[in-house]
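Here's the letter readout for the chains.
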Amino acid sequence: MMRPPRILLAGGGTGGHVYPAIAIAQAIRSLAPMSAIAFAGTRDHLEWNAVPDAGFEIHPITVSGFHRKQPLRNVGFPFKLATGLWQSYRLVEDFDADAVVGTGGYVSGPVLWAAGMRGRPTIAQEQNAYAGVTNRILGRRAAQVHIAFEEAKNWFPEGRCRISGNPVRKELAAGVTRESARKELHLPHNAHVVFVFGGSLGSQAINEAMWQVVDQILSDSMVHVIWQTGRLYYERMRKKEHARLHIMKYVDRMDLAYAACDLVLARAGALTCSELLCTATPSILVPSIHVAEDHQTKNAQSMERIGAAICVPEEDLLNALSIQVPALLADPERRQKMAEKAREAAKPQAATTIAKDILELIGWEEPI
């Protein structure tokens, strides 16, 4: 392939779809610095700001989901679908993409469909153990399907899947030490540190349970708790005061928090699971019951199956905080085994692995 690679990526709606796409784009740019890279996305979701902030151009596609439980909201769906397909077809043609990568979300559908109609190879990247509807459809004709969990291969044609892992934020691979992280976060070197979070917006269930149980957890004088509440719950939760309780609206340096802690209690989003593997952090995972197709339960069960985490249903959350958290903090040998299992399953080079496969697919070779 003589000209620099031209790669179009589509993924949006949530960070779980957007950030893997950005990581893949960054890896492609690192391997092929002269490559032309563009994104397709929607104006009213996270990607519209996150992609330009990462240094890539983004083109608008009109798209929306189909509301099964509220059919009246689907009145404009056919028009949006037709508009999105036309926009996608023109974008693939005008950008002249050598390959089109979909990382999930509604916007992936029309863009990868248009790429197929134009005869351009498509690549699907599935973050969850239970493949989403969009990727299940797109994966039937994709030249490559990259998955993060062994269980996901059951949803795609045999021979096209590669367990590449989920691309994670670059700073997690930097290898910050436990000692430097604790110094930065003003935590004692010999403390037992629990990191609790429920995503950037926060989890009401986790926050309410923490409000009830955190004093009991802190009754052990060796324990410190980092508690990310999310912006929706911060003002209320910050009223809980304790010298060893560190309440934050949002943790900007997740690499420091992971490195400093002994144990995580969190939701089981795909990227959280991959970050826990890459940082070899023992965890208790509480799947959200409000996620489509119960993706998080499948993710948590997969993490538990390999021995890297404990899966706890939301109805047992209080028990997990009051009994299982103290028990794990008191059992360094078990936490060490969980960390080892996580490290064995981790794929910290996922973005580079996927990028190399994409470049190989389109016949690009690094100049000598």
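Residues numbered from 1 in each chain as written. Predicted model: local features only at pLDDT ≥ 70, side-chain atom pairs only at ≥ 80, totals over all residues. Heavy atoms only, no water.

A.B. asks: Got a sec to walk through helix H11 (residues 295-305)? Specific residues and values, please.
C.D. replies: In an α-helix there are 3.6 residues to a turn, and that puts residues three or four apart on one side. Among all positions in H11, only His295, Gln296, Thr297, Asn299, Ala300, Ser302 and Met303 are buried. Buried residues belonging to H11 abut helix H10 (270-278), strand S12 (283-285) and strand S13 (309-311). Looking at the residues trailing H11, positive phi occurs at Gly307, about 90°. (Buried < 20%, exposed > 50% of the residue type's maximum accessible area, 1.4 Å probe, protein only. Helix = DSSP H or I, 4+ residues; strand = E, 2+ residues; numbered from the N terminus. Contact = heavy atoms within 4.5 Å.)

A.B. asks: Provide a residue-level description of the packing of helix H1 (residues 15-31) against helix H14 (residues 350-361), including the pertinent values.
C.D. replies: Between H1 and H14, whose axes approach to 8 Å, the crossing angle comes to 65°. In this structure, H1 meets H14 at a crossing whose hand is right-handed. Across from Ala23, Ile24, Ala27, Ile28 and Leu31 in H1, the residues of H14 making contact are Ala351, Thr352, Ile354, Ala355, Lys356, Ile358 and Leu359. Grouping the constituent residues of the contact of H1 with H14 by class yields 10 nonpolar, 1 polar and 1 charged. (Axes fitted to C-alpha atoms, helices over the stretch in contact; angles between N-to-C directions. Left-handed = near helix turned anticlockwise from the far one by under 90°. Nonpolar A, V, L, I, M, F, W, Y, C, P; charged D, E, K, R; others polar.)

A.B. asks: Summarise the side chain of Arg335; cite the residues concerned and give the values.
C.D. replies: Along the chain, the position of Arg335 falls in helix H13 (residues 332-345). When residues no more than four places from it in sequence are discounted, the contact partners of Arg335 are Asp262, Pro282, Leu328 and Leu329.

A.B. asks: Please give an account of the nonpolar core that cites residues and values.
C.D. replies: Within the largest apolar cluster, 34 residues are counted, with the highest numbers of intra-cluster contacts made by Phe195, Phe197, Tyr258, Val264, Leu285 and Met303. Taken together, the elements giving at least two residues each to this core come down to strand S8 (192-197), helix H9 (254-260), strand S11 (263-266), H10, H11 and S13. For this core, the leading source of residues is H9, giving 6 residues. Look past the residues within four positions of Met303 in its chain and what remains in contact with it is Phe149, Cys273, Leu276, Leu277, Leu285, Ala308 and Ala309. In this structure, Leu218, Ile310, Leu317 and Ala320 belong to the second largest nonpolar core, which totals 29 residues. (Core = buried A, V, L, I, M, F, W, Y, C linked by side-chain atoms within 4.5 Å.)

A.B. asks: Please provide a residue-by-residue account of the sheet that holds S8, values included.
C.D. replies: The strand order across the open sheet formed by 6 strands is S10-S9-S8-S11-S12-S13, and the pairing between neighbours is parallel. On the outer flanks of this sheet lie strand S10 (245-248) and S13, each paired with one strand and no other. Averaged over all pairs of adjacent strands, the angle between strand axes in this sheet comes to 15°, irrespective of strand direction. Two strands pair when backbone bridges link them, and S11 and S12 are joined in this way by 3 bridges, in the parallel orientation. Pairing of Leu265 across the sheet is with Ile284, part of S12. Where H11 meets the sheet, its contacts fall on S12 and S13, and the angle it forms with S13 comes to roughly 135°. (Pairing = 2+ DSSP bridges.)

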